[in-house]
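Okay, here's what each chain looks like letter by letter:
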Amino acid sequence: MDVIRGACSVEKIGGMVFIREDLAPLMLEWKPIDEQEKERSISIPLNSISALQSTKETSPKMILKVAYKVKSEDEGAEEEESHSN
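Because the structure is a prediction, the values reported are computed rather than measured.

Calculation criteria
- Residues numbered from 1 in each chain as written.
- Predicted model: local features only at pLDDT ≥ 70, side-chain atom pairs only at ≥ 80, totals over all residues.
- Heavy atoms only, no water.
- Helix = DSSP H or I, 4+ residues; strand = E, 2+ residues; numbered from the N terminus.
- Buried < 20%, exposed > 50% of the residue type's maximum accessible area, 1.4 Å probe, protein only.
- Contact = heavy atoms within 4.5 Å.
- Areas by Shrake-Rupley, 256 points an atom, 1.4 Å probe, with all protein chains shown as cover.
- Patch = residues over 30% accessible without salt bridge, like charges linked within 9 Å, V, L, I, M, F, W, Y side chains within 5 Å.
- Salt bridge = Lys/Arg side-chain N within 4 Å of Asp/Glu carboxyl O.
- Pairing = 2+ DSSP bridges.
- Axes fitted to C-alpha atoms, helices over the stretch in contact; angles between N-to-C directions.

A. A look at the overall build of the protein. For the protein, the helix and strand inventory stands at zero helices and seven strands. The order of α-helices and β-strands along the protein, N terminus first, is β-β-β-β-β-β-β. A total of 85 residues make up the protein; the buried ones form 20% of that total. Pairs at least 24 residues apart make up 10% of the contacts formed inside the protein by residues separated by at least 6 positions. Element-wise, carbon and sulfur atoms account for 50% of the exposed surface of the protein, whose accessible area totals about 6600 Å².

What follows is the structure, encoded as structure tokens:
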């Protein structure tokens, strides 16, 4: 299995985005380059992504918005969250 990766910033913090095909379930991960920001890492199972949107191909700056569902530990209910940059 492969790991697909690229440079990406989230909230003006530089980092790397990964699609982890070597894990089950497959994961979308973002990790900051600065070790002092490591608690801001993001891991999203690909099977929980409910929407994926990006800027047009002709845009000089790409922005990717990821919406995903998170199960609440208390009630088993699902909430939707999103990240973009």
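Having seen the model, we can carry on.
B. Geometry of a nonpolar patch on the surface. On the surface, L52, M62 and L64 cluster together into a nonpolar patch covering about 310 Å² of accessible area. If you trace the backbone, M62 turns up in the loop between β5 (49-54) and β6 (64-71). Accessibility expressed as a relative area gives 57% for M62, which makes it exposed.

C. Examining the sheet that holds strand β1 (residues 3-10) more closely. Taken in spatial order, the four strands line up as β1-β2-β3-β4 in an open sheet, and their pairing is antiparallel. The sheet terminates laterally at β1 and β4 (42-45), the two strands that pair on one side only. With direction set aside, neighbouring strand axes in the sheet form an average angle of 20°. Pairing analysis gives eight bridges linking β1 to strand β2 (residues 13-20), with the strands arranged antiparallel. Across the sheet, S9 pairs through a bridge with G14, a residue of β2.

D. How the structure looks around the pairing of β2. Between β1 and the antiparallel strand that follows it, β2, lie two residues; E11 among them carries a positive phi value of about 50°. In this sheet, strand β3 (residues 27-32) lies alongside β2 in antiparallel orientation, the contact comprising six bridges. Residue I19 lies in a different strand from β3, and its bridge partner there is L28. Following β2, the chain reverses through six residues before pairing antiparallel with β3.

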